[in-house]
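Given next are the chains, with one letter for each unit.
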Amino acid sequence: DLQESGEEFECARYLDLTPQVAYWVRNLERKPQHATWLQTSSDRFYPDFVCRLHDGRTLVVESKGAHLWSNDDSKEKRDLGELWAARSGGHCLFVMPQGADFGAIGQRLHGAAV
């Protein structure tokens, strides 16, 4: 379910080249029995990528185009993902890069707020 170009493809390439990532999967939208999802106020949120890090933690990445990053839907998803990560006891990380700012993923992995 991954196009051969575009920001999601570039995000996948970034994950491939990130040393902390042991492996990643493209999360399947609308397949709740086989996907990672979080409940929003009106629907389910299926982040784009779920990664297992070499240290055993889980990293969830929602690739979001810069033109959509600040809309209400993206803000709700970002707030929800950050709350999910905060309540994980340090076992999970969440990041929503703004457009092609994939360096935000590296910043999150190194403990910097994004």
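Before reading further, recall that the structure is shown in the block above.
For clarity, every value in this text was computed on a predicted model and none was experimentally measured.

## Observations concerning the overall build of the protein
Link 1 in the chain: Of the regular secondary structure elements, the protein holds 3 helices and 6 strands.
Link 2 in the chain: Listing the helices and strands of the protein from first to last along the sequence gives α-β-β-β-β-β-α-β-α.
Link 3 in the chain: Taken over the C-alpha trace, the protein has a radius of gyration of 13 Å; the compact-globule value for 114 residues is 13 Å, and the two agree within 12%.
Link 4 in the chain: Across its three principal directions, the C-alpha atoms of the protein cover 35 × 35 × 30 Å.
Link 5 in the chain: Once local pairs closer than 6 in sequence are excluded, the contacts in the protein between residues at least 24 apart make up 52%.
Link 6 in the chain: Entry remark: accessible area of the protein is about 6,600 Å², with carbon and sulfur atoms responsible for 49%.
Link 7 in the chain: In the protein, which carries 13 positive and 17 negative side-chain charges, the distance between the mean positions of the two groups comes to 5 Å.

## What to know about the pattern of salt bridges
Link 1 in the chain: Taken as a whole and assessed by the stated rule, the structure comprises 7 salt bridges.
Link 2 in the chain: For the salt bridge of K75 with D79, the shortest nitrogen-to-oxygen distance reads 2.9 Å. Here D79 and K75 lie together in helix α2 (residues 72-86), a separation of 4 residues that amounts to about one turn.
Link 3 in the chain: A relative accessible area of 42% means that K75 is categorised as partly exposed.
Link 4 in the chain: Assessed through its relative accessible area of 39%, D79 is described here as partly exposed.
Link 5 in the chain: Connected via shared salt-bridge partners are E8, R26 and D48.

## A word on the side chain of S74
Link 1 in the chain: Within the element layout of this structure, S74 appears in helix α2.
Link 2 in the chain: Discounting chain neighbours no more than four positions away, the residues touching S74 are K64, L68, W69 and M96.

## Considering the packing of aromatic side chains
Link 1 in the chain: Taken as a whole and judged by the stated rule, the model has 3 aromatic pairs.
Link 2 in the chain: An angle of 85° between the planes, with centres 5.4 Å apart, marks the rings of W24 and F49 as edge-to-face. Placement of the pair is W24 in strand β1 (residues 21-26) and F49 in strand β4 (residues 49-53), with a sequence separation of 25 residues.
Link 3 in the chain: Residue classification places W24 among the partly exposed residues on the basis of a relative accessible area of 22%.
Link 4 in the chain: Residue F49 is classed as buried on the basis of its relative accessible area of 0%.

Criteria and cut-off values
- Residues numbered from 1 in each chain as written.
- Predicted model: local features only at pLDDT ≥ 70, side-chain atom pairs only at ≥ 80, totals over all residues.
- Heavy atoms only, no water.
- Helix = DSSP H or I, 4+ residues; strand = E, 2+ residues; numbered from the N terminus.
- Rg over C-alpha atoms; globule rule 2.2 N^0.38 Å.
- Contact = heavy atoms within 4.5 Å.
- Areas by Shrake-Rupley, 256 points an atom, 1.4 Å probe, with all protein chains shown as cover.
- Lys, Arg positive; Asp, Glu negative; His and termini not counted.
- Charge placed at Lys NZ, Arg CZ, Asp CG, Glu CD.
- Salt bridge = Lys/Arg side-chain N within 4 Å of Asp/Glu carboxyl O.
- Buried < 20%, exposed > 50% of the residue type's maximum accessible area, 1.4 Å probe, protein only.
- Phe/Tyr/Trp six-rings, centres within 6.5 Å; stacked < 30°, edge-to-face > 60°.

Nothing here speaks to function; it is geometry throughout.
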